[in-house]
Amino acid sequence: MLMSSSRVLVVGLGGTIAMTTAATGGVTPGLSVRQLLDAVPGLAATGIEVEALSLRNRPGASLGFDDLAELMDVIEATTASGIVVVQGTDTIEETAYAVDLLHRAHPVVVTGAMRNATQAGADGPANLLAAVTVAASPGARDLGCLVVFADEIHAARRVRKAHSTSPAAFVSPNGGPLGYVVEGQAHVLNRLTRRPALPRPTGTPSVVVHPATLGDDGTMLEVLTKRVDGLVIAGFGAGHVPEKWVPALTEAAARIPVVLASRTGAGPVLRETYGFAGSERDLLERGLISAGFLDPYKARILLHLCLAAGFDRAQIEAAFTGE
């Protein structure tokens, strides 16, 4: 059972969960964290002391690394036993994974809503109650950053938004949820191996994701590779690209880190099954770095943070091996 001394800090960044009707039509962020908490049935009955901090009130699509840096300052400064971050769902899978890579102390739980407060069946209050419950639970310790949605507990490393409107939009294709919230209690059924935290970023590298698509001749790829500090290729299937891309990727991998991921969103990049030009085996032999089970968007977050911390190629390869 939870102890009455449990204290959770809820930090608001905005998003659908904080949106109300705008004078110009549609909904925009407008609710404070305190207003969100006051609308959660049963929160007081948990015995958890909850503090509120409205840090931002923006759509998830407008958040950036500067916002993340300020969020990390708040997370590292708090003496609360757990932290809940509420934000827009558009970027939850990316911000949560960044926090997971950078933080190793208090439990951090990220949540939001798919239906705003003006809609029937708004899911914000239920998600917020579940997130606070998980953040205060002893079972959430040493799990890294978590995403709690629809009473499911997901590892930030695995979770992704898989539907544009469903209240059950978040899934973990590689391994499933870590656990569930049932009858007001967090139940953790499996755990991930933790990795050391990355250093806080000191630089602002340019890292982009470039997807492989049918018939792409690689013209834009040649231009792109000369303008970025790091590149993630979202390859077909198990890590394949058009044969015409091979010269540009070979040249790029000699200058900047180029990470190979799968655009499918589930399963790993292979290493030695296929041998044709543009296959995973061919590309890795040419110096590309495997993303393993990471999807392209999480691979971009990891590569960005590695470059921002000043990692050399060997350190970057080691970071991706750890995933």
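The sections below set out a description of the structure shown in this document. (Residues numbered from 1 in each chain as written. Predicted model: local features only at pLDDT ≥ 70, side-chain atom pairs only at ≥ 80, totals over all residues. Heavy atoms only, no water.)

## Concerning the sheet that holds strand β15 (residues 258-262)
Reading across from one edge, β13-β14-β15-β16 is the order of the four strands in this open sheet, with parallel pairing throughout. The sheet terminates laterally at β13 (207-211) and β16 (289-290), the two strands that pair on one side only. Across two bridges, the pairing between β15 and β16 is parallel. Following the sheet pairing, V259 is matched in β16 by I289. (Pairing = 2+ DSSP bridges. Helix = DSSP H or I, 4+ residues; strand = E, 2+ residues; numbered from the N terminus.)

## Thoughts on unusual backbone geometry
In this structure, D142 is a non-glycine residue whose phi angle is positive, near 60°. Within the element layout of this structure, D142 appears in the loop between α4 (124-135) and β7 (146-149). Look at D142 and you get exposed, because its relative accessible area is 59%. The residue E183 is not glycine, and still its phi comes out positive at about 50°. One can find E183 in the loop between β11 (179-182) and β12 (185-188). (Buried < 20%, exposed > 50% of the residue type's maximum accessible area, 1.4 Å probe, protein only.)

## As for the pairing of strand β6 (residues 108-111)
Side chains of β6 alternate between two faces, with V108 and V110 and V109 and T111 buried alike. The pairing of strand β5 (residues 82-86) with β6 spans four bridges and is classified as parallel. Among the inter-strand pairings, V85 is bridged to a residue of β6, identified as V110. With helix α3 (residues 92-102) bridging β5 and its parallel neighbour β6, the resulting β-α-β unit is right-handed. (Right-handed = clockwise from strand over helix to strand, strands pointing away.)

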